[in-house]
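# Chain and residue survey
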Amino acid sequence: APAARLKFHVQSTPEGASVVVHGRSLGVTPLVLEQQPGVALPLRLEKPGFAPVEVVLSGEGARADFTATLTPLPPPAPHRTAPLKTPDFEPQRDL
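Right, let's walk through the structure included here.

Criteria and cut-off values
- Residues numbered from 1 in each chain as written.
- Predicted model: local features only at pLDDT ≥ 70, side-chain atom pairs only at ≥ 80, totals over all residues.
- Heavy atoms only, no water.
- Salt bridge = Lys/Arg side-chain N within 4 Å of Asp/Glu carboxyl O.
- Buried < 20%, exposed > 50% of the residue type's maximum accessible area, 1.4 Å probe, protein only.
- Helix = DSSP H or I, 4+ residues; strand = E, 2+ residues; numbered from the N terminus.

### Quick word on the pattern of salt bridges
- Taken as a whole and judged by the stated rule, the model has five salt bridges.
- Where Arg44 meets Glu46, a salt bridge forms, and the shortest distance between an N and an O atom there is 2.6 Å.
- Of the residues examined, Glu46 reaches a relative accessible area of 31% and is grouped as partly exposed.
- Salt-bridge contacts for Arg44 lead to Glu54; the nearest nitrogen and oxygen are separated by 2.3 Å. With a gap of ten residues between them, Arg44 in strand β5 (residues 41-46) and Glu54 in strand β6 (residues 53-57) connect regions that are remote in the sequence.
- Since its relative accessible area comes to 27%, Arg44 is described here as partly exposed.
- One network of salt bridges, in which partners are shared, links Arg5, Lys7 and Glu34.

Have a look at this one:
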């Protein structure tokens, strides 16, 4: 008989994070992954604007649930449009 597969139910708050395994995106949360029981599955959850989450999943039985809470990244610093003036530099003006 074929070995039973373990189903990982991967979720994230908020939903819609990319699930990356071994550098390949397998889809977005919520997602069900099948894996051999007892085999570790390194997982990375990525969503723009949030810090990535890395975890190694392993489990026994028929089902394992994993929910990650994604942490928002701070907004990028506003870009300065005005040139920064330094004391030792003055633009030359044509008179």
